[in-house]
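One letter stands for each residue in the lines below.
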Amino acid sequence: MSPSELRAFALTAAIGFAGALLAILISFPAPYLIGPAIAVTLASLAGLRLAVPQNVRNVCFVIVGVSMGTTVTPEVIVAARTWPMSFVMVLVTMTVLLFTSSTLLQRLFGYDRVTSLLASSPGHLSYVLSLAAETRCDVRTVSIAQSVRVLALTIITPIIVTVLDLVDSGTILAVPVMSLPVLIGSLVAAVALGALFLRLRLPAALLLGGVFVSIATHVTGFASGAVPNWLLIPTYVILGALIGTRFSGVSLAEVKKAAIAGAVATVAVTFIAVATAFGVSHMLDIPLDAALIAFAPGGLETMSAMAVMLDANPTYVGAHHVLRLLFLSALMPLALARAVRQR
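This report concerns the structure included in the present document. (Residues numbered from 1 in each chain as written. Predicted model: local features only at pLDDT ≥ 70, side-chain atom pairs only at ≥ 80, totals over all residues. Heavy atoms only, no water.)

## What to know about the overall build of the protein
Right, on to step 1. Counting its secondary structure elements, the protein contains 15 helices and 0 strands.
Right, on to step 2. Residues classed as buried in the protein amount to 53% of the 343 residues present.
Right, on to step 3. Taking contacts inside the protein between residues at least 6 apart in sequence as the whole, the part at least 24 apart equals 77%.
Right, on to step 4. Just so you have it, the protein exposes about 14800 Å², and 69% of that area is on carbon and sulfur atoms. (Helix = DSSP H or I, 4+ residues; strand = E, 2+ residues; numbered from the N terminus. Buried < 20%, exposed > 50% of the residue type's maximum accessible area, 1.4 Å probe, protein only. Contact = heavy atoms within 4.5 Å. Areas by Shrake-Rupley, 256 points an atom, 1.4 Å probe, with all protein chains shown as cover.)

## Notes on the packing of helix α13 (residues 288-295) against helix α15 (residues 314-341)
Right, on to step 1. Packing of α13 against α15 leaves a shortest axis separation of 8 Å and a crossing angle of 20°. One way to sum up the angle between α13 and α15 is to call them roughly parallel. The two elements α13 and α15 meet at a crossing, and its hand is right-handed. Here Ala290, Ala291, Ile293, Ala294 and Phe295 of α13 come into contact with α15, specifically with Tyr316, Val317, His320 and His321.
Right, on to step 2. Residues of the contact of α13 with α15, tallied by class, amount to 7 nonpolar, 2 polar and no charged. (Axes fitted to C-alpha atoms, helices over the stretch in contact; angles between N-to-C directions. Parallel < 35°, antiparallel > 145°, perpendicular 65-115°, else oblique. Left-handed = near helix turned anticlockwise from the far one by under 90°. Nonpolar A, V, L, I, M, F, W, Y, C, P; charged D, E, K, R; others polar.)

## Re the nonpolar core
Right, on to step 1. In terms of nonpolar packing, the biggest core is built from 77 residues, with Val227, Tyr236, Ile286, Ile293 and Tyr316 touching the most fellow members.
Right, on to step 2. Discounting chain neighbours no more than four positions away, the residues touching Ile293 are Thr157, Val161, Met303, Met306, Ala307, Leu310, Ala312, Val317 and His321.
Right, on to step 3. Counting 15 residues, the second-largest nonpolar core is a separate cluster that includes Leu98, Leu117, Ala335 and Leu336. (Core = buried A, V, L, I, M, F, W, Y, C linked by side-chain atoms within 4.5 Å.)

## Remarks on unusual backbone geometry
Right, on to step 1. The residue Asp285 is not glycine, and still its phi comes out positive at about 60°.
Right, on to step 2. With respect to the secondary-structure elements, Asp285 resides in the loop between α12 (252-284) and α13.

## A look at a nonpolar patch on the surface
Right, on to step 1. There is a patch of nonpolar side chains on the surface, built from Leu21, Leu22, Leu25 and Ile26 and spanning about 440 Å² of accessible area.
Right, on to step 2. Residue class for Ile26 comes out exposed when judged on its relative accessible area of 53%. (Patch = residues over 30% accessible without salt bridge, like charges linked within 9 Å, V, L, I, M, F, W, Y side chains within 5 Å. Salt bridge = Lys/Arg side-chain N within 4 Å of Asp/Glu carboxyl O.)

## Focus: the environment of Pro53
Right, on to step 1. Here Pro53 is to be found in the loop between α2 (31-45) and α3 (54-68).
Right, on to step 2. For the pair Pro53 and Leu242, spaced 189 residues apart in the sequence, the C-alpha separation amounts to 9.3 Å.
Right, on to step 3. If we skip the residues at most four places from it in the chain, Pro53 touches Met1 and Phe9.

## With respect to the side chain of Thr115
Right, on to step 1. Residue position: Thr115 is located in helix α6 (residues 113-120).
Right, on to step 2. Given the relative accessible area of 0%, Thr115 is considered buried.
Right, on to step 3. Setting aside anything within four residues of it in sequence, one finds Thr115 in contact with Cys137, Asp138, Thr141 and Val142.

Now the structure itself:
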């Protein structure tokens, strides 16, 4: 990490922690995640050069992955027999969200088909931006609209959960926690498995590595307990700050139209996702807080961290968001190919 990168990260972290502290003081829901996201976003739009190094991001993803699997027990596996229909609903919902949002962006804002599809993808930001760089589209609009989606859903989802009084947002994780040797061993194994997944080009590879290792050790009884808060809290703050850095270097003029378009699309997809979550919760007897976070088309790592932080069945949430990304990995190239042919 160069000195300039280190300074940018130090400033980003400082603003993120300040945002978290302010969010705690005003009793904002999920303060360790949302406070930094808002604070760093405002600082980025003000012109500050902010960034989170790739290595730091990777460490955070591994930690969140390990934390996601800590609640998996044999009882949870038995309960998972009720999830297949919920998984089907994820696939249906993501398809509806994609094409509804894309149609709105085309008809209301005049964007072309390819730009609209990429700006409307309900997740998988890094993958979507890679596709955008390889196609003829407005990459800036795609980036801004997608960032608005992630930021808005990071803020909206826990507010909905809190307003409905579904969970105590002040609770982060319950004791007991993993012993230090088990925690270190789990993190090392997660990095190794994540590296393998990277070679296989799986989405969210490092997070998946943590999930798989944690589930395997907890469901077999080899390990027990949660990731300690002294490690999770800084991780949440950095993840929140990471969301805000996506607005770094973007002028207000560039943001305006794409931000409005992203906001309109986000409202539409949020309404559909919330309606679906209510239906799934009612039909399959899934806790409503878990269903809301599982069907929210936000970032995988962010939504997974939120599920852990709000104690909203992280295994259920994580499984649905991983499935969403895998599905989008296959759906987006097909949808783009069709859009290019129709130009």
